[in-house]
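What follows is each chain in one-letter form.
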Amino acid sequence: MPKFSRRTFLKMAAATGAIGSMPVYLNRNKFLEAAEEASIEKVPTLCNGCSNMCGMFVHVKNGRVWKAEGHPIHLKSRGRLCARGHGTVADIYNPHRVTQPMKRVGEDRFEPITWEQAYQEIGQKLMKIVDEHGGNSVVWMEHGTRGKQYADILLDYIGSPNYITHYATCFTSKTNVWPKMVGTTLYGDHENADYMLFVGRNFAGGIIPNGMNKVLKAKERGAKLVVVDPRHCELAIQADEWIPIRPGTDLAFFLALAHVLITEKLYDVQFVRQYVSGFDEFWQANKNCTPEWAEKITSVPADKIREIAREMAAKAPRAFLETGYHGLNAHYQNSVQQAQANVVINALLGNMFKVGGLLPAASLELGQLDKPVPPAKEKGPRVDGAGEEGPYATVEPGRGIPQLVPKLVDEGKVKAVFIYHYNPLRTGPDPEYQKKMKDAELVVSIPIDWNETSYHTAHYILPESFFLERMETPVNVNGHITHLSPQIAYRAKVVEPVHDTRSLLEIMQGLAKEIGASKYFDFTVEEEAEAMVAPLGITMEELRQAGCLEFPATVKTGFPMSALGKPSLATPSGKVEFSVGVYKANGFSGVPRWIAPKVMPEKDNEFRLIHGKQPWHSHHITSNNPYLMAISETYNGTWAWMNSQRAKQLGIKNGDKVTIASDLAQKQVQVKVTELLHPDCIWIPSAYGGFSPKAEVAYGVGVNYNDFLPMQVEPIAGSVMGQEVIVTVRKGVN
Ligand code: SF4
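Residues numbered from 1 in each chain as written. Predicted model: local features only at pLDDT ≥ 70, side-chain atom pairs only at ≥ 80, totals over all residues. Heavy atoms only, no water.

## Notes on the overall build of the protein
Step number 1: Of regular secondary structure, the protein possesses 25 helices and 27 strands.
Step number 2: Taken over the C-alpha trace, the protein has a radius of gyration of 25 Å; the compact-globule value for 734 residues is 27 Å, and the two agree within 12%.
Step number 3: When the backbone C-alpha atoms are referred to their principal axes, the protein occupies close to 70 × 65 × 60 Å.
Step number 4: The 734 residues of the protein split such that 61% are buried.
Step number 5: Put simply, of all contacts in the protein between residues at least 6 apart along the chain, 73% involve residues at least 24 apart.
Step number 6: A total of about 27,500 Å² of accessible surface is found on the protein, and carbon and sulfur atoms cover 49% of it.
Step number 7: Averaging the coordinates of the 79 positive side-chain charges in the protein and doing the same for the 78 negative ones gives two points 4 Å apart. (Helix = DSSP H or I, 4+ residues; strand = E, 2+ residues; numbered from the N terminus. Rg over C-alpha atoms; globule rule 2.2 N^0.38 Å. Buried < 20%, exposed > 50% of the residue type's maximum accessible area, 1.4 Å probe, protein only. Contact = heavy atoms within 4.5 Å. Areas by Shrake-Rupley, 256 points an atom, 1.4 Å probe, with all protein chains shown as cover. Lys, Arg positive; Asp, Glu negative; His and termini not counted. Charge placed at Lys NZ, Arg CZ, Asp CG, Glu CD.)

Spelled out as structure tokens, the structure:
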């Protein structure tokens, strides 16, 4: 299959009769038809370019999507969309969508079938599996939790506890730690902060448009922004200081910051006395973690660590260590302890529940449609062991351990796999290992396009309608960035489906009919939505017109206290707990303490492989979009980054092709040689290395970091440890 290049792009445009600078997806007639004078309807809805779900207005002209702009009220967008948001709306006309249900008839062959045939065959196979092996042999996997409300009904009906998300590659350490230590998750109040320390979190790469606005406004006001990251990431461009740290050692940096705050008595003694439990246990475990100790591990000078701790203390409580997640929460053997140490630093600064420090997200209590529920069935233990007695007792069952599913298929414990809006072959470790999923008796993928998981493993592909072609239930607008006033928004259907596709609820209803579960899906999304907004005193019609509505402030500052005047966090002591009892009970340390990364580069040609987002891509999801891939091409976006000194030692120059190899794979890629990367690592952007021949724009462009990564499970939170891999790099491709 051809690789995507500017020439291919233009050839494609020419072949379809498209105008060179205009969208590939509009042929000339369609373009002229859409462009002619016609009224424009602006429909408010929610973006799907990443998980932020920013509010957007979509312009519709002659029944076609024309363009999008940011919703001015919506907290995440505040009138702006990122490049991904603008680009992704065009995917509605992407020729690489799955246009109707498909059935696999060979290794690389599918045939179109009707929805009725698909429901019938899938329903029969599913119930045979449930009869023979029990509901416990069925797994539902999805990216986030959007499908959960419907998946849960199906899983309850067949008696399966196996709901699994992708979060093991994302933020499971954070979500495991914060409820146990703080009883909730807190977010940086960037707008009102005077000092922001970002470690391994790149707001300008994994963009939230209004998140960046807030950071920049704080900077204009005089706030200091310090970015600690092995790579000079996009946020570092805006920072007062960029401090390159040895990847995998953030925990040592945090423990040394705590050491300075405690030994120099810079911490908020009052806050700790009143609101913290387990301080002494933490200190006994970490009193030797001096800045000099940390310097040897992190490569950050001891004096710099002292300086940061002192500056933060001087600005506290309007100072915080950003609680975000990327590098901190799924990538290392010590990611859970990093997340714990993050809580400790912020508590020592006494910034919790304070303006300019950390605040909870505002949210609204939504109603629920009264529906019949399937009769309770005995469910066996979760097949991945998450939250069950055994090695993964502390892993959140609501997240699960997706990287274990291929192994469980191989062992005969999983017989049926439903994969909704999720592409583990691209986002999970070791694609060849992930392909074992195809050996299950039934594999059903519910995607938009021909992603790798659908192409290489699915027995049936049931195409979901594009996000502009379907309505979804309303959502609270919160998380990531704080805001005192809660908002509600919803995803509206903007245009009719272009192809023979269906919403997830319609797909579940079709399947339910075949397995005798119709009465549990006997409702519409409109009915669900109306019931959800009812307690707010609004109607769906009002929300439909506005797209996003804001309510009076609900977030209160000040530490939560009971009527008896005692700290009342949702933790066993009501206080911030530096020591987690459930970790101790399962044989782990209760307090964070130093754990080295699992693997370290040692030889001259060895590097830790690290990875991350680019501002114009959402990992693989946008990599089949020609407009966003054109940006990649313009900026050499597929190139790996390598430190200039290390490159010189290996005789590698900027733009050279190199061979990157681990025990699993050997791949070639061009390199950007730069001083803006820690010498110990090589960085690969996360958008590339597509290997679905039917997603032609992404196919064969760049490399996928997961090709090099073995399947691993961090035992406390279940993460994939996505940067615990050492690769060798050499010049040339032979
Ligand atoms: S950050 Fe960008 S891609 Fe993500 S939802 Fe917002 S506009 Fe869309």
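## Notes on empty space enclosed by the protein
Step number 1: The full count for this structure, using the stated rule, is five cavities of 30 Å³ or more.
Step number 2: Empty space within the largest cavity amounts to approximately 80 Å³.
Step number 3: Lining the largest cavity, in full, are Cys47, Gly49, Cys50, Asn52, Met53, Cys54, Leu81, Cys82, Arg84, Gly85, Ile207 and Pro209.
Step number 4: Classifying every residue of the lining of the largest cavity gives eight nonpolar, three polar and one charged.
Step number 5: By volume, the second largest cavity amounts to about 40 Å³.
Step number 6: Contributing to the lining of the second largest cavity are Thr169, His331, Thr427, Pro429, His611, Tyr705, Asn706, Leu709, Val720 and Gly722.
Step number 7: Residues of the lining of the second largest cavity, tallied by class, amount to four nonpolar, six polar and no charged. (1 Å grid on protein atoms, 1.4 Å probe; cavity = no way out; pocket = protein on both sides within 12 Å on 5 of 7 lines; lining within 4 Å. Points joined across faces, edges and corners; volume = space filled by probe spheres on them. Nonpolar A, V, L, I, M, F, W, Y, C, P; charged D, E, K, R; others polar.)

## Re the pairing of strand 16 (residues 442–446)
Step number 1: When you tally the buried positions in strand 16, you get five out of five residues, the bulk of the element.
Step number 2: By the alternation rule, side chains of strand 16 split into Leu442, Val444 and Ile446 and Val443 and Ser445, which are all buried.
Step number 3: The pairing of strand 15 (residues 416–420) with strand 16 spans five bridges and is classified as parallel. For Phe418, the partnering residue across the bridge sits in strand 16 and is Val444.
Step number 4: The pairing of strand 16 with strand 17 (residues 460–461) spans two bridges and is classified as parallel. What sits directly across from Ser445, in strand 17, is Ile461.
Step number 5: Note that the unit made of strand 16, helix 19 (residues 452–457) and strand 17 has a crossover that is right-handed. (Pairing = 2+ DSSP bridges. Right-handed = clockwise from strand over helix to strand, strands pointing away.)

## Comments concerning helix 7 (residues 209–220)
One turn of an α-helix holds 3.6 residues; hence residues three or four places apart share an orientation.
Step number 1: Between its first and last C-alpha atoms helix 7 spans 17 Å; for twelve residues at 1.5 Å apiece the expected length is 16 Å, and the two agree.
Step number 2: Among all positions in helix 7, only Pro209, Asn210, Gly211, Met212, Asn213, Lys214, Val215 and Ala218 are buried.
Step number 3: Those residues of helix 7 hidden inside the fold are in contact with strand 9 (195–199), strand 10 (224–228) and helix 8 (234–238).
Step number 4: Looking one or two residues past helix 7, Gly222 carries a phi angle of roughly 110°, positive in sign. (Expected span 1.5 Å × (residues − 1).)

## Remarks on the site of the ligand
Step number 1: Near the ligand the following residues occur: Cys47, Gly49, Cys50, Asn52, Met53, Cys54, Leu81, Cys82, Arg84, Gly85, Ile207 and Pro209.
Step number 2: With respect to the pocket detection grid, the ligand is positioned in the largest cavity.
Step number 3: When the residues that make up the shell around the ligand are grouped by side-chain class, the tally is eight nonpolar, three polar and one charged. (Near = heavy atom within 4 Å. Sits in = over half its atoms within 2 Å of the grid points.)

## Examining the packing of aromatic side chains
Aromatic rings in a pair are described by how distant their centres are and how their planes are angled relative to each other.
Step number 1: Here the structure, examined in full by the defined rule, presents 21 aromatic pairs.
Step number 2: Relative to Phe578, the ring of Phe279 has its centre 6.5 Å away and its plane inclined at 40°; by these criteria the two rings are tilted. Taken together, the positions of Phe279 in helix 11 (residues 279–286) and Phe578 in the loop between strand 21 (576–577) and helix 23 (581–585) put the pair 299 residues apart, joining distant regions of the chain.
Step number 3: The rings of Tyr267, Phe279, Phe282 and Phe578 are connected pair by pair, giving a single aromatic cluster.
Step number 4: We note Arg399 situated over the ring of Tyr167; from NZ or CZ to the ring centre the distance is 4.7 Å. (Phe/Tyr/Trp six-rings, centres within 6.5 Å; stacked < 30°, edge-to-face > 60°. Lys NZ or Arg CZ within 6 Å of the ring centre and 35° of its normal.)

## Digging into the environment of Lys214
Step number 1: With respect to the element layout, Lys214 can be found in helix 7.
Step number 2: Here Lys214 falls in the buried class, since its relative accessible area comes to 6%.
Step number 3: As a C-alpha pair, Lys214 and His190 span 24 residues in sequence and 5.8 Å in three-dimensional space.
Step number 4: Discounting residues that sit within four places of it in the chain, Lys214 has contacts with Leu75, His190, Glu191 and Thr482.

## Let's talk about the domain arrangement of the protein
Step number 1: Entries for the protein in the domain assignment read domain 1 (6–93), domain 2 (102–161 + 382–481 + 485–550), domain 3 (176–359) and domain 4 (606–731).
Step number 2: The centre of domain 3, based on its C-alpha atoms, is set 27 Å off from the matching centre of domain 4.
Step number 3: The interface is formed by 24 residues belonging to domain 3 together with 24 residues belonging to domain 4.
Step number 4: Taking both partners together, domain 3 and domain 4 bury about 1,900 Å²; carbon and sulfur atoms supply 61% of that area. (Domains from an automatic or database assignment. Buried area = accessible area lost by both parts, 1.4 Å probe.)

## Comments concerning the pattern of salt bridges
Step number 1: Inspection of the entire model under this criterion finds 39 salt bridges.
Step number 2: For Asp268, the salt bridge goes to Lys354, with nearest N and O atoms at 4.0 Å. With Asp268 in the loop between helix 9 (250–263) and helix 10 (269–275) and Lys354 in the loop between helix 15 (335–348) and strand 14 (358–360), this pair connects stretches of sequence that are 86 residues apart.
Step number 3: Among the residues examined, Asp268 registers a relative accessible area of 23% and is labelled partly exposed. (Salt bridge = Lys/Arg side-chain N within 4 Å of Asp/Glu carboxyl O.)

## Remarks on the environment of Arg310
Step number 1: Within the secondary structure layout, Arg310 lies in helix 13 (residues 302–315).
Step number 2: On the basis of relative accessibility, which here comes to 40%, the residue Arg310 falls in the partly exposed class.
Step number 3: Arg310 has contacts with Glu264 and Leu266, leaving out every residue within four places of it along the chain.
Step number 4: A polar contact of 2.8 Å, which involves the side chain of Arg310, links it to the side chain of Glu264. (Polar contact = N/O pair within 3.5 Å; in protein donor to acceptor, adjacent residues only side chain to side chain.)

## What to know about the sheet that holds strand 22 (residues 606–612)
Step number 1: Read once around its circumference, the closed barrel built from six strands follows the order 22-26-23-25-24-27, with strand pairing classed as mixed. Going from strand to strand, the sheet's axes swing by 45° on average, the running direction of each strand aside.
Step number 2: With two bridges joining them, strand 23 (residues 640–643) and strand 26 (residues 681–685) adopt antiparallel strand pairing. Residue pairing across strands places Met642 opposite Ile682, the latter belonging to strand 26. (Axes fitted to C-alpha atoms, helices over the stretch in contact; angles between N-to-C directions.)

## Quick word on the sheet that holds strand 16
Consider a sheet: its strands pair through backbone hydrogen bonds, and that pairing is either parallel or antiparallel.
Step number 1: A sheet is described by the order of its strands in space; here seven strands give the open sequence 5-4-17-16-15-6-7, paired in mixed fashion. Each of the sheet's edge strands pairs with one partner strand only, and the pair in question is strand 5 (109–112) and strand 7 (163–165).
Step number 2: Of the strand pairs in this sheet, strand 4 (residues 102–106) and strand 17 are connected by two bridges, and their pairing is antiparallel. Across the sheet, residue Lys103 finds its bridge partner in strand 17, namely Tyr460.
Step number 3: Strands in contact with helix 4 (residues 115–133) are strand 4, strand 6 (138–142), strand 15, strand 16 and strand 17; relative to strand 16, the strand with the most contacts, it is inclined by about 135°.
Step number 4: Sitting on the sheet, helix 5 (residues 148–158) touches strand 6 and strand 7, and the angle it makes with strand 6 is about 175°.

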